[in-house]
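# Geometric and topological summary
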Amino acid sequence: PQNQINRRFDIYISCVSFAHNVAPKGKYICLVSSTMETGDPKVDLAAGVKLLEPTLHKFYSVSPLFEPVNDHQKEGIHISKSYDATSHFQTVCEDVVRLYKEITGETDVSYIFVPKKKEDEQ
């Protein structure tokens, strides 16, 4: 968590491997992401990258975040937000629900959520 490493934003780590048919056997492809705080991605991601050492290669990139500023009711144009640093797509799902509500005009969309089964909660 961000408070353990004196950050405002969490660092997310996602790994895939041979089991996912994306890397040679014994190798992993890992993504480390966060919201920029210092302007230097190497500094911002250092705590997460450190957990993965030693690594063969590292690649850094920065992507801006965009949010719609148009008036969807007036224009009839519905625009999604950019993907953020989260690796579990929670914010993407929230944005899809936001778009669904805008497009359909529904306010209660609780029926589209699948309740967890009892065994999933343990």
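Description of the structure in this document. None of the values given here were measured: they were computed from a predicted structure. (Residues numbered from 1 in each chain as written. Predicted model: local features only at pLDDT ≥ 70, side-chain atom pairs only at ≥ 80, totals over all residues. Heavy atoms only, no water.)

## Some words on the side chain of Arg-7
Structurally, Arg-7 is set in the segment before β1 (11-17). Arg-7 gets classed as buried once you look at its relative accessible area, which sits at 11%. Only 3.1 Å separates the side chain of Arg-7 from the backbone oxygen of Phe-9, close enough to count as a polar contact. Residues in contact with Arg-7, not counting those within four places in the same chain, are Gln-2, Ser-34, Thr-35, Glu-37 and Asp-44. (Helix = DSSP H or I, 4+ residues; strand = E, 2+ residues; numbered from the N terminus. Buried < 20%, exposed > 50% of the residue type's maximum accessible area, 1.4 Å probe, protein only. Polar contact = N/O pair within 3.5 Å; in protein donor to acceptor, adjacent residues only side chain to side chain. Contact = heavy atoms within 4.5 Å.)

## Notes on the side chain of Ser-17
Note on placement: Ser-17 falls in strand β1. Ser-17 has contacts with Val-22, Ala-23, Lys-27 and Tyr-28, leaving out every residue within four places of it along the chain.

## Observations concerning a nonpolar patch on the surface
Residues Tyr-100, Tyr-111, Ile-112 and Phe-113 make up a contiguous nonpolar surface patch of roughly 400 Å² in combined accessible area. Looking at the secondary structure, you find Phe-113 in the segment after α3 (90-104). Assessed through its relative accessible area of 49%, Phe-113 is described here as partly exposed. (Patch = residues over 30% accessible without salt bridge, like charges linked within 9 Å, V, L, I, M, F, W, Y side chains within 5 Å. Areas by Shrake-Rupley, 256 points an atom, 1.4 Å probe, with all protein chains shown as cover. Salt bridge = Lys/Arg side-chain N within 4 Å of Asp/Glu carboxyl O.)

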